[in-house]
Amino acid sequence: MAKKKFVVGCFDTEDTLFPAVKKVRTAGYKLHDIYTPFAVHGLDHAMGLRETSLHTAGFIYGITGTTTALSCISWIFTKDWPLNIGGKPHFALPAWIPITFELTVLFAAVGMVLTFCYLCQLAPFVKKHHFHLRATDDLFVMVIECTDKTNTDDLKVFLSNAGAIETDLQIAEPDWWVGRYDIDELPFENKTVVAA
């Protein structure tokens, strides 16, 4: 994959992070991501991210589960293997409500978990570049993607004036890649550790 340049700015409090995000967006820089030690409400709106469509995916998965349950049960009990159970009708919808509900919940839950993992690029043996050792520990780390026209020195000074306590220029792959941390090069170290 192609490597890109990023300027990383670290902030110690969210009170300095929010105005810095506004200044960075106003200046026209491209925010790659912001890593925080805890959920910061309103940060996604400040970054200009669109609303998540995970709830729409959950609704689609739930409807799929409902349709699957009703289709299978009605086909089994009316066409494939109709049974006379105490003279009750073959199409007994009230008796099918529990299994329909359970399959709806199962499809929605499993589908949303898989969709969430896909959107967040979470999977076994998936690696991403770590921009700072203390990201998500006790610092708020803002990563700005540089273009050919970006003056990195000016951007570092801009972030420092916006309240960053530390700035850094890094060259990294922006996406995820397949690998293992216990065999490949560890983040923040220049040595390779081989598992025994």
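Above this text sits the structure in question.
Keep in mind that this is a model prediction, so the values were computed, not measured. (Residues numbered from 1 in each chain as written. Predicted model: local features only at pLDDT ≥ 70, side-chain atom pairs only at ≥ 80, totals over all residues. Heavy atoms only, no water.)

Enquirer: What is the right way to look at the packing of aromatic side chains in this model?
Expert: In this description, an aromatic ring pair is defined by two values, namely the gap between the centres and the angle between the planes. Taken as a whole, this structure holds six aromatic pairs when the rule is applied. Ring geometry for Phe-38 against Phe-140: centres 5.6 Å apart, planes inclined by 90 degrees, an arrangement best described as edge-to-face. Of the two residues, Phe-38 sits in the loop between strand 2 (30–35) and helix 2 (43–47) while Phe-140 sits in strand 4 (residues 140–145), which places them 102 residues apart along the sequence. Relative accessible area serves as the criterion here: at 43%, Phe-38 is assigned to the partly exposed category. Judged by relative accessible area, Phe-140 falls into the buried class, the value being 3%. Joined through ring pairs, the aromatic side chains of Phe-6, Tyr-35 and Phe-131 make up one cluster. (Phe/Tyr/Trp six-rings, centres within 6.5 Å; stacked < 30°, edge-to-face > 60°. Helix = DSSP H or I, 4+ residues; strand = E, 2+ residues; numbered from the N terminus. Buried < 20%, exposed > 50% of the residue type's maximum accessible area, 1.4 Å probe, protein only.)

Enquirer: Would you explain the nonpolar core in this entry?
Expert: Within soluble globular proteins, side chains that are nonpolar tend to cluster in buried spots. Judged by nonpolar contacts, the single largest core of 19 residues is most densely connected at Phe-11, Leu-17, Val-21, Met-142 and Leu-159. In terms of residues, this core owes the most to one element, helix 1 (residues 14–27), which gives four residues. Excluding its chain neighbours within four sequence positions, the residues that come into contact with Val-21 are Leu-31, Ile-34, Leu-43, Ala-46, Met-47 and Met-142. Val-8, Phe-131, Ala-135 and Val-141 belong to the second largest nonpolar core, which has nine residues in total. (Core = buried A, V, L, I, M, F, W, Y, C linked by side-chain atoms within 4.5 Å. Contact = heavy atoms within 4.5 Å.)

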